[in-house]
Each structure stands twice: as C-alpha cells, then as structure tokens.
Amino acid sequence: MESYELLYDKTERVNVNFVGMTTESARYDFGITYTNMFFGKPLITCMQTGRSFLLCADDITDVEQIERLFKVDPYEAEALAEFFKDVLPVTGLQTQYAE
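Residues numbered from 1 in each chain as written. Predicted model: local features only at pLDDT ≥ 70, side-chain atom pairs only at ≥ 80, totals over all residues. Heavy atoms only, no water.

**Overview of helix 2 (residues 74-87)**
- With 14 residues, helix 2 extends 20 Å between its outermost C-alpha atoms, agreeing within 8% with the 20 Å of an ideal straight helix rising 1.5 Å per residue.
- For helix 2, every residue scored as buried is listed here: Glu-76, Ala-77, Leu-80, Ala-81, Phe-83 and Phe-84. Down the axis of helix 2, the smallest arc covering the buried residues is 165°, so these residues share one side. In helix 2, the exposed residues that point more than 90 degrees away from the buried face are Pro-74, Lys-85 and Asp-86.
- Contacts from the buried residues of helix 2 go to strand 1 (15-22), strand 2 (27-34), strand 3 (43-46) and helix 1 (63-70).
- The N-terminus of helix 2 is capped by Asp-73, whose side-chain oxygen sits 3.0 Å from the backbone nitrogen of Tyr-75. (Helix = DSSP H or I, 4+ residues; strand = E, 2+ residues; numbered from the N terminus. Expected span 1.5 Å × (residues − 1). Buried < 20%, exposed > 50% of the residue type's maximum accessible area, 1.4 Å probe, protein only. Arc of directions from axis to C-beta. Contact = heavy atoms within 4.5 Å. Polar contact = N/O pair within 3.5 Å; in protein donor to acceptor, adjacent residues only side chain to side chain.)

Below, the structure is given as structure tokens:
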C-alpha cells in the first residue's frame, strides 16, 4: 500500500549566489538559489538559522513579512529589506505547471 503521492520529481542545474551582510547588531549569510521552480522566485537560505524562504523583489516591500520570516525586530527587518532590494532581481510570475 502506497502512503504518499509523488507530485513532482525534477532535476535542474541552478545558479546559487552566496552573499553576506552585516547590520549594527547582526551578521547574515545567505544562499540565493535561482531556479525555474517556485514560479521563478529565488529560494533564500539563511546559513545561520537554516531557514529557507521564497522571496522576490515584490515580497520585500512588506517589512512586517520580513520581520516574521526572519524573526527579527523592525529595525533589522528594514535593513534586510533594503539589502534584498539590492540583490534580488525583479521577476514577474512565471508559469509553473504546464498543462
């Protein structure tokens, strides 16, 4: 008896950009994975916490979302939003599932 349903299994070559930055109170190291999956949104991985998020330039305008995702105070969230504004490309939503 099969207890799961495979939704997709796809392999692709991706570009990963490793970037680091500091604020007055913290250091951050990120891996930014650019892929055709996830509607074209880059996958951001925080090396300190291991948390991963799908973020694009449109998402970082919501500083409260950055605050919740990274579990930081409003000042840090503002600094992270400014940083991501400089490093994330502006991408339109891409078709994810072909019919």
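**Notes on the packing of aromatic side chains**
- For the structure shown, the criterion picks out seven aromatic pairs.
- Geometrically, the ring pair formed by Phe-30 and Phe-83 is stacked, given 6.0 Å between the ring centres and 25° between the ring planes. On the criterion of sequence distance, the pair formed by Phe-30 in strand 2 and Phe-83 in helix 2 is long-range, its members being 53 residues apart.
- Judged by its relative accessible area of 13%, Phe-83 is buried.
- Taken together, the aromatic side chains of Tyr-28, Phe-30, Phe-53, Phe-70, Phe-83 and Phe-84 make up a single cluster linked through ring pairs. (Phe/Tyr/Trp six-rings, centres within 6.5 Å; stacked < 30°, edge-to-face > 60°.)

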